[in-house]
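Chain and residue survey
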Amino acid sequence: VSEAIGLHTQAARATALLPAGADTARLGAAMPPGSIAKLADADFSIKKIEQPYSSFGGKQPEAGGHLYTRVSEHLRHKDRALMLFDYEHLVLEAFPEIYKTKCISHTMGLSAHEYQRDLEIAPGFVVLAVIPDLTKLIPGDMMEPRAPVSLLEKIATLLRQRSSPFARLKVLNPRFEKVDVDISVRLHRGKPRDFFAKQLKTDLLHFLAPWYLGDTEKIAFGRNLLFSDVVKLVENLDYVDFIVNLKLNGPCNQTGSVIRPLTARSILTGGNICVTIADEKCPAPP
């Protein structure tokens, strides 16, 4: 099961019922874990209260500007999923915890654990890939953010009620394809080797997966990774003197100047990063 974090017993769901005049702006952000620690009215039969995870399902009242956007989209798709635009915007409107969607027609999504690619010659099949909003749904692995299976099933139910009965729909998470980096650099004199080796690994990891630090706008389907972009990043670091060797290894053993994702719903992310600090050698005497 995708993103299974833990199993808990004696669990209950608590729902916030806000009175009139309450601050509704806080519904836009999830309540962090540990915010609820006790009952409002003490009960001696309950020994302890814990909130191990963030809250979910909060939604702010509709702003005036969003009303025009929602009405315009509704006039276009008329609450029916026919075009690619319809599938994507119906989901974005109904599920605020989804940040980005991509609808792919004529494609049957296959398991990334068993197949390297999706079947892209499949008439009648529709794939909808979704990316969760990391401010509302915190995944177990930030390098590969996925929506839970329960949310995928809710999205599929909504779309099947509004699409053709002949459309064979699959709502899936993106295929995260790792890019391995093997790099050797020379540091400026006086820089600690061990510390900056770890720092370079961290900088490369954040470059390959910028959403790890909260920059969700840079998570995108089908984006290529250029060899020159990695070189530019490393050469602009203030502790690196120059690059001795650099090799990128993408999915299906891709190397060279461009690493490309294999499918339309693929997202490149960071894999194994091997950093080597080259020693400064004096030239041999003549």
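Details of the structure are given in the entry above.
Residues numbered from 1 in each chain as written. Predicted model: local features only at pLDDT ≥ 70, side-chain atom pairs only at ≥ 80, totals over all residues. Heavy atoms only, no water.

**Here we look at the overall build of the protein**
In terms of regular secondary structure, the protein is built from five helices and eight strands. Here the C-alpha coordinates of the protein stretch approximately 85 × 60 × 40 Å along the principal axes. Partitioning the contacts of the protein with sequence separation of at least 6, the portion at a separation of at least 24 is 70%. Surface summary for the protein: the accessible area is close to 18,300 Å², and the carbon and sulfur share equals 55%. Treating the 35 positive side-chain charges of the protein as one cloud and the 32 negative ones as another, the clouds have centres 2 Å apart. (Helix = DSSP H or I, 4+ residues; strand = E, 2+ residues; numbered from the N terminus. Contact = heavy atoms within 4.5 Å. Areas by Shrake-Rupley, 256 points an atom, 1.4 Å probe, with all protein chains shown as cover. Lys, Arg positive; Asp, Glu negative; His and termini not counted. Charge placed at Lys NZ, Arg CZ, Asp CG, Glu CD.)

**Points about the nonpolar core**
Formed by 23 residues in total, the largest nonpolar core has its most connected members in V181, I183, V185, L200, L204 and L225. Of all the secondary structure elements, the ones that give two or more residues to this core are strand 4 (175-187), helix 4 (193-208), helix 5 (227-235), strand 6 (240-249) and strand 8 (266-277). Discounting residues that sit within four places of it in the chain, V185 has contacts with L200, V234, V240, F242, I243, V244, T276, I277 and A278. (Core = buried A, V, L, I, M, F, W, Y, C linked by side-chain atoms within 4.5 Å. Buried < 20%, exposed > 50% of the residue type's maximum accessible area, 1.4 Å probe, protein only.)

**A word on the sheet that holds strand 6**
The strands making up a sheet associate through backbone hydrogen bonding, with each pair oriented either parallel or antiparallel. Pairing within the open sheet is mixed, and its three strands lie in the order 6-4-8. Both outer strands of the open sheet, strand 6 and strand 8, are each paired with one neighbouring strand and no more. For this sheet, the mean angle separating the axes of adjacent strands, direction not counted, is 25°. Across eight bridges, the pairing between strand 4 and strand 6 is antiparallel. Residue pairing in the sheet places D180 in a bridge with N249 of strand 6. Sheet strands touched by helix 5: strand 4 and strand 6. Its angle to strand 6, the strand with the most contacts, is close to 155°. (Pairing = 2+ DSSP bridges. Axes fitted to C-alpha atoms, helices over the stretch in contact; angles between N-to-C directions.)

**Looking at the pattern of salt bridges**
In total, this model carries seven salt bridges according to the counting rule given. Residue R175 pairs with D118 through a salt bridge whose shortest N-O separation is 3.3 Å. Here R175 is found in strand 4, whereas its partner D118 is found in the loop between strand 1 (98-105) and strand 2 (125-132), with 57 residues between them in sequence. Comparing R175 with D118, the two get one shared label, buried. Here D118 and R265 are joined by a salt bridge, their closest N and O atoms 2.7 Å apart. Here R265 lies in the loop between strand 7 (258-259) and strand 8 and D118 lies in the loop between strand 1 and strand 2, a separation of 147 residues in the sequence. Both residues of the pair, D118 and R265, belong to the buried class. One salt-bridge network, held together by shared partners, links D118, R175 and R265. (Salt bridge = Lys/Arg side-chain N within 4 Å of Asp/Glu carboxyl O.)

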